[in-house]
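Here is what each chain is made of, one letter per residue.
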Amino acid sequence: MYYASDVLQQVGYIGLFREQGITVAVMDGIIDSRFLSFMEMQDKAVHFVRIDSELDKVLRAEEEAEDDEALISVFRSVVPEKVTLKQEVMKSTKTPALITLAEEKRRLAEILRQYGNTIPGISAPEDEVTLSLNMNCPLIARIATLAKDEKSGEKAKALAKQVYMIAVISQRSFTQEE
């Protein structure tokens, strides 16, 4: 079952799921995360997944994305090192990129926040996100074309940075450094 924890912050993700005809439960209360865990413990067949946790197969198209090293190189130059880059073919052509955090890592981050991030030897998992580039989006195709042209390298980097920043703001608020 898919759920959203913040309708305003996850509106883009909710739209993607609605396009596929999938209902998303809104679980935005203080007690909801504990309720979800309780339900999963009671029935092993029940599994809740936050809509921004991983790029689910319901959002991906059937075909596989071809690796485009020039495109990856451009994005690698504008995103933080901790961000994993992936090329995906999504069903929607409207969304150029999505940032996701694995469900397990997100839940670990919630536990760490409860304990004041003071568990020794465990780093903040929020930094370990994946930027999935939608190879089915015309904007990503345009950046890929620009990335292959030496004269348009700076334009490709500027567009890639904008795509990344839009993906970030659809996931969370900007940090001071951003």
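A brief look at the structure comes next.

Criteria and thresholds
- Residues numbered from 1 in each chain as written.
- Predicted model: local features only at pLDDT ≥ 70, side-chain atom pairs only at ≥ 80, totals over all residues.
- Heavy atoms only, no water.
- Helix = DSSP H or I, 4+ residues; strand = E, 2+ residues; numbered from the N terminus.
- Buried < 20%, exposed > 50% of the residue type's maximum accessible area, 1.4 Å probe, protein only.
- Contact = heavy atoms within 4.5 Å.
- Areas by Shrake-Rupley, 256 points an atom, 1.4 Å probe, with all protein chains shown as cover.
- Arc of directions from axis to C-beta.
- Pairing = 2+ DSSP bridges.

### Structural notes on the overall build of the chain
Inference 1: Helix and strand counts for the chain come out as 6 helices and 6 strands.
Inference 2: The order of α-helices and β-strands along the chain, N terminus first, is β-α-β-α-β-α-β-β-α-β-α-α.
Inference 3: Expressed as a percentage of its 178 residues, the buried residues of the chain come to 40%.
Inference 4: Counted over contacts in the chain with a minimum sequence separation of 6, partners at least 24 positions apart contribute 73%.
Inference 5: Approximately 10,800 Å² of the chain is accessible, and the part contributed by carbon and sulfur atoms is 54%.

### Some remarks on helix α2 (residues 32–42)
Inference 1: For α2, every residue scored as buried is listed here: Asp32, Leu36 and Glu40. Seen end-on, α2 carries its buried residues on one side only, within an arc spanning 80°. Looking at α2, the residues exposed on the side facing more than 90 degrees away from the buried face are Met41 and Gln42.

### Some thoughts on the sheet that holds strand β3 (residues 49–50)
Inference 1: Taken together, the 3 strands give an open sheet; going across it, the order is β2-β1-β3, and neighbouring strands pair in parallel fashion. Edge positions in the open sheet fall to β2 (25–26) and β3, since each of these has one partner strand only.
Inference 2: Summarising the sheet, strand β1 (residues 2–4) and β3 pair through 2 bridges and their orientation is parallel. By the bridge assignment for β3, Tyr3 is matched with Arg50.

### Considering the side chain of Gln87
Inference 1: Along the chain, the position of Gln87 falls in strand β4 (residues 84–88).
Inference 2: The exposure class assigned to Gln87 is buried, which follows from its relative accessible area of 13%.
Inference 3: Non-local contacts of Gln87, meaning those with residues more than four positions away in its chain, are made with Ala65, Glu66, Asp67, Asp68, Ile72, Leu133 and Met135.

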